[in-house]
Amino acid sequence: MPKTKKSGAEIIWECLERLGVEYVFGYPGGAILPAYDAMTRYGVHHVLVRHEQGATHMADGYARASGRVGVALATSGPGATNMVTGIATAMMDSSPIVCITGQVGSKLIGSDAFQETDITGITLPITKHNYLVTRAQDVAPSLREAFQIASSSRPGPVLVDITKDAQNGSCEFDWEAAAPQRQHFVRGPFYNKTQLAEALELINQAKRPVILAGHGIILSGSEQEVLAFAEAACTPVALTLLGIGAFPASHPLCLGMMGMHGEAWVNKAIQESDLLIALGMRFDDRVTGNLKTYAPTAKKIHIEIDRAEINKNVHVDVPLIGDLRELLPQLVPGVKRMDRSDWLSSIDKSKQDSAVRDIQSLPDDGHLYAAHVIHELWRETNGDAIIVTDVGQHQMWEAQYYRHEKPRTLITSGGLGTMGFALPAAIGAKFANPKAEVWVVAGDGGFQMTMAELATIVQEKIEIKIAIVNNGYLGMVRQWQEFFYDGRYSSTPLWSPNFQKLAEAFGIPGFTVNTRPDVIPTLRAARRQRGPALIDFQVEQEDSVFPMVPAGADLHAMIRRPNPLVERATDV
Amino acid sequence: MSDQQKLHSFVLYVENQPGVLNRVASLFRRRAYNIESLTVGHTERPGISRMTIVAGISEGAAHRVEANLYKLAPVLSVEDVTHVPIIARSLAFIKVAANDESRYRLMEIARVFRARVVDLANESLVIEITGTEDKVDALVGVLRPFGIQEMARTGQVVMSRGTKPPANGHPAGRSDLLLEEEASQSV
Ligand SMILES: Cc1ncc(C[n+]2csc(CCOP(=O)(O)OP(=O)(O)O)c2C)c(N)n1
Ligand SMILES: [Mg+2]
């Protein structure tokens, strides 16, 4: 028998090692047993999760924090279906993950065998691509190509479903021969010199340009190119939620977040602009509001790697389809130095009283607001932590009050808005970046969806700090009920366990904070812990995220913070 | 999208392997676009199949479908041939009730339509016709009063006219070929 003969199960690990995989997040079961057995002979570290959804979010968090492919592993049937939410989350946010699932023996497929699920069928619309592997010799080519597809062009999740007989069977293992054959799925670039010239002409003629900076900048690692371009064109930069970190918050050209919960002056600038330069973003409905009235006077340049995003929601004048990192340097030399101080100062003026309206300016009246918690967290961590948020009001407050200077420091589920994402994704982010300070910012609702992963933190002995923004409600839904359903709080009041005691049950130091003066000392105490720590911040229950553009409304039609609070603020 | 729906024809080159049809069809299903006809067959290149899909969708949606079809790994190329000069044909078998009285008239109709009678039984006959969808429809209309017992239609196959190679035809080196051409469309 030649030395290179290996089982399909061994080939899985052989490939993962050679692909540079350090960690796999998974949960064993019958159909994946051969792979788990072979694992013990290889150097990949397996993180035992508490739910397969957690494994996918961990792989996702790992990918978002590092830019490398995250890997999740599960058994067939329920193991595989538990991954669906995490795969859809990664798909919507273009996160490169590879999910490997066991499958019943190939002869049993289609017979409703025990724990058989058509997972390639189920995940077809939520993966970039997926594979059903039924022979040992197909394991290596499928895995190698899966990694390539997941990480190339616009990244995304890929699922590889491997039958039990493919794992048990053996074949000649030939790494070289298993190299990806398909090249055609890396499409493009599609742009030409004429279009570059058209784009430059628009840029050089614009009086009121705004850059819309999206996740694509971070995915392509083109932050420096964007910075150079924005400075050359003297153009202010508005960020999408997933674009946060793509441009330094402290930069004078940085406007902050746009869209539904963007600051009023950011959306106003977009509405008044005469040129939008969209970089790696997709004009999601949460950032455009009503499409009919969106930036009515603006020409649009769209630089984006995914051709399917061009003219999807917003008609663009010049599409440039390609990698930002290659494209932007071709534009910069042609950009004319222009004095746009009028435009910049008019944006500045439109901030008006918003600083006073800001909840930060409220005197301590005995109330603890989430904004205070996030603001102090930002100050205490010097803005250097990786913050992983869940979904809801706290997510928006994080985006508003934590000022991110660097890419990959905010990890959040944007496109799918998956509650339960934060804790597992933070675990993945910590593995990707063991030296970084990693904080979970989660709501009382979403935290309870995946809090079982606290056990994973303890078993893996990793240091993650957790801030629960506990408002006693499914807050974001409550806010919509307050604004749009006459305050009928249907099923949004939320009972929670004593989170401090819960943490302690896991052996994690827990803290509870319900007054403003306690925020800083408790943050410090938690940061001093050598291991994980959890703080339950019991904040104002019926606070809302302001400003707000109601879904589908015009982007400039914002709901501002109500007056009583503003009046209290100006009393100071 | 407010623009009008019309029939769009897409020509796809795809890898001939399990599940490809499902992936392609799923893009239409997801958006609730109805596929009017779909044909798949081998090409001159081994392992590569050609699909012709006809679906009623708006112009904007057609762009989106095309761009999304492009993202499927087993899809080698996509072309929306709705606005290029093409030859389009479909084939149909139509089984019509026939008796001694009507048989001769049916054969005469077939002759006028350049169709062929390919089966003759005591109480029916089968007519085979190849032509544009319109022509097949017309024949069906004429035959209906005689009593159509069964009909099988293939749906359209199309090919662009002239010697120009199919725009996206060959996977190898195609990105160079496409660069200028595709970028100049308003995608
Ligand atoms: C899995 C899932 N289910 C439901 C929702 C709808 N949803 C969006 S925000 C939200 C409330 C979140 O409550 P909580 O976690 O307490 O955060 P808060 O808004 O109070 O900060 C809900 C239910 C969702 N985004 N994800
Ligand atoms: Mg809550």
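What counts and what doesn't
- Residues numbered from 1 in each chain as written.
- Chains lettered and ligands numbered in written order.
- Predicted model: local features only at pLDDT ≥ 70, side-chain atom pairs only at ≥ 80, totals over all residues.
- Heavy atoms only, no water.
- Near = heavy atom within 4 Å.
- Polar contact = N/O pair within 3.5 Å; in protein donor to acceptor, adjacent residues only side chain to side chain.
- Areas by Shrake-Rupley, 256 points an atom, 1.4 Å probe, with all protein chains shown as cover.
- Helix = DSSP H or I, 4+ residues; strand = E, 2+ residues; numbered from the N terminus.
- Nonpolar A, V, L, I, M, F, W, Y, C, P; charged D, E, K, R; others polar.
- Core = buried A, V, L, I, M, F, W, Y, C linked by side-chain atoms within 4.5 Å.
- Buried < 20%, exposed > 50% of the residue type's maximum accessible area, 1.4 Å probe, protein only.
- Domains from an automatic or database assignment.
- Contact = heavy atoms within 4.5 Å.
- Donors = N, O, S within 2.8 Å, 3.2 Å for Na, K, Ca; no water.
- Axes fitted to C-alpha atoms, helices over the stretch in contact; angles between N-to-C directions.
- Parallel < 35°, antiparallel > 145°, perpendicular 65-115°, else oblique.
- Left-handed = near helix turned anticlockwise from the far one by under 90°.
- Salt bridge = Lys/Arg side-chain N within 4 Å of Asp/Glu carboxyl O.
- Buried area = accessible area lost by both parts, 1.4 Å probe.
- Disulfide = S-S within 2.5 Å.
- 1 Å grid on protein atoms, 1.4 Å probe; cavity = no way out; pocket = protein on both sides within 12 Å on 5 of 7 lines; lining within 4 Å.
- Points joined across faces, edges and corners; volume = space filled by probe spheres on them.

Novice: What exactly am I supposed to notice about the site of ligand 1 here?
Specialist: All names here are of chain A. Around ligand 1, 17 residues are found, and the nearest of them are Gln 393, Gly 417, Asp 444, Gly 446 and Gly 475. At a separation of 2.8 Å, an oxygen atom of ligand 1 approaches a polar backbone atom of Gln 393. Surface burial for ligand 1 is 77%, taken as the share of its 590 Å² of free accessible area covered by protein chains. Breaking the shell around ligand 1 down by element, the ones donating at least two residues are helix H18 (393–401), helix H20 (444–450) and helix H22 (475–484). Ranked by residues supplied to the shell around ligand 1, first place goes to H20 with 4 residues. Class assignment for the residues of the shell around ligand 1 results in 7 nonpolar, 9 polar and 1 charged.

Novice: It is not clear to me how the nonpolar core should be interpreted in this structure. Could you clarify?
Specialist: Soluble globular proteins tend to bury their nonpolar side chains together. Residues and elements named next belong to chain A. Ranked by internal contacts, the top residues of the largest apolar core, which has 70 residues, are Leu 279, Ile 301, Ile 303, Leu 320, Leu 331, Trp 439 and Phe 537. Each of domain 2 (193–353) and domain 3 (370–538) contributes no fewer than three residues to this core. The residues contacting Ile 303, other than those within four sequence positions of it, are Ala 278, Leu 279, Gly 280, Leu 320, Leu 324, Leu 327, Leu 328 and Leu 331. Listed in part, the 51 residues of the second largest apolar core include Leu 159, Ala 425, Val 440 and Phe 447.

Novice: Could you clarify how one ought to interpret the coordination of the magnesium ion (ligand 2) in this entry?
Specialist: Tetrahedral coordination by four donors puts the ideal angle at the metal at 109.5 degrees, and octahedral coordination by six puts it at 90 or 180 degrees. Residue and element names in this part refer to chain A. At the metal site, the magnesium ion (ligand 2) is ligated by Asp 444 (OD), Asn 471 (OD1) and Tyr 473 (O), and these contacts range over 2.0 to 2.2 Å. Mapped onto the polypeptide sequence, the residues donating to the magnesium ion (ligand 2) form the spacing pattern D-x26-N-x1-Y. Across the pair, Tyr 473 and Asn 471 agree in class, each one buried.

Novice: Help me out: how do you make sense of the packing of helix H11 (residues 223–233) of chain A against helix H14 (residues 324–331) of chain A in this one?
Specialist: Between two packed helices, both the angle of their axes relative to each other and the distance between the axes serve to describe the pair. Residue and element names in this part refer to chain A. Close contact between H11 and H14 brings their axes to 9 Å; oriented N to C, the two are set at 25°. Between H11 and H14, the interaxial angle falls into the category roughly parallel. Pair H11 / H14 crosses with left-handed handedness. Between H11 and H14, the contacting residues are Glu 225, Val 226 and Phe 229 on the first element and Arg 325, Leu 328, Pro 329 and Leu 331 on the second. Taken together, the residues that form the contact of H11 with H14 break down as 5 nonpolar, no polar and 2 charged.

Novice: Please explain the pattern of salt bridges as it appears in this structure.
Specialist: Once their charged atoms are close, side chains differing in charge can pair, the charge on each being opposite to the other. One pass over the structure, following the stated rule, counts 32 salt bridges over all chains. Salt bridges sharing partners connect three or more residues here, namely A:Arg154, A:Asp306, A:Glu309, A:Lys312 and B:Lys71.

Novice: What should I look at first to understand the domain arrangement of chain A in this one?
Specialist: Where the parts come together, the accessible area they lose is often given as the size of the interface. Residue and element names in this part refer to chain A. In terms of domain boundaries, chain A breaks down into domain 1 (4–173), domain 2 (193–353) and domain 3 (370–538). A straight line from the C-alpha centre of domain 1 to that of domain 3 covers 29 Å. Of the residues lining the interface, 27 residues belong to domain 1; the matching set on domain 3 comes to 26 residues. Across the domain 1 to domain 3 interface the summed buried area is about 2000 Å²; carbon plus sulfur atoms make up 63%. When residues of domain 1 are sorted by the area they lose upon contact with domain 3, Arg 50, Arg 64 and Ala 65 head the list and together hold 29% of the total. Viewed at the interface, domain 3 and domain 1 are joined by 0 salt bridges. Scanning the region where domain 1 abuts domain 3 turns up 9 residue pairs in polar contact (both at pLDDT 80 or more).

Novice: Would you explain the state of the cysteines in this entry?
Specialist: Such a bond, covalent and formed between the sulfur atoms of two cysteines, is termed a disulfide. Residues and elements named next belong to chain A. Summed over the entire model, instances satisfying the criterion amount to 0 disulfides over all chains. Between Cys 171, a cysteine without a disulfide, and Cys 15, which holds the nearest cysteine sulfur, the sulfur-to-sulfur distance is 9.6 Å. Cys 234 supplies the cysteine sulfur nearest to Cys 254, a cysteine that is in no disulfide, at a spacing of 14 Å. The exposure class assigned to Cys 254 is buried, which follows from its relative accessible area of 15%.

Novice: Please clarify how the layout of surface pockets should be interpreted in this entry.
Specialist: Over the atoms a probe the size of a water molecule is rolled, and this reveals where empty space is left. All names here are of chain A. Within this model, the second largest pocket holds a volume of roughly 990 Å³. Leu 255, Glu 263, Trp 265, Gln 400 and Arg 403 are the residues nearest the centre of the second largest pocket, which is lined by 42 residues in total. Sorting the residues of the lining of the second largest pocket by element identifies strand S11 (254–257), helix H12 (264–272), helix H15 (341–349), helix H16 (354–357), helix H17 (370–380) and H18 as the ones contributing at least two each. When grouped by side-chain class, the residues that make up the lining of the second largest pocket number 21 nonpolar, 13 polar and 8 charged. Looking at the lining of the second largest pocket, you find at least three residues from each of domain 2 (193–353) and domain 3 (370–538).

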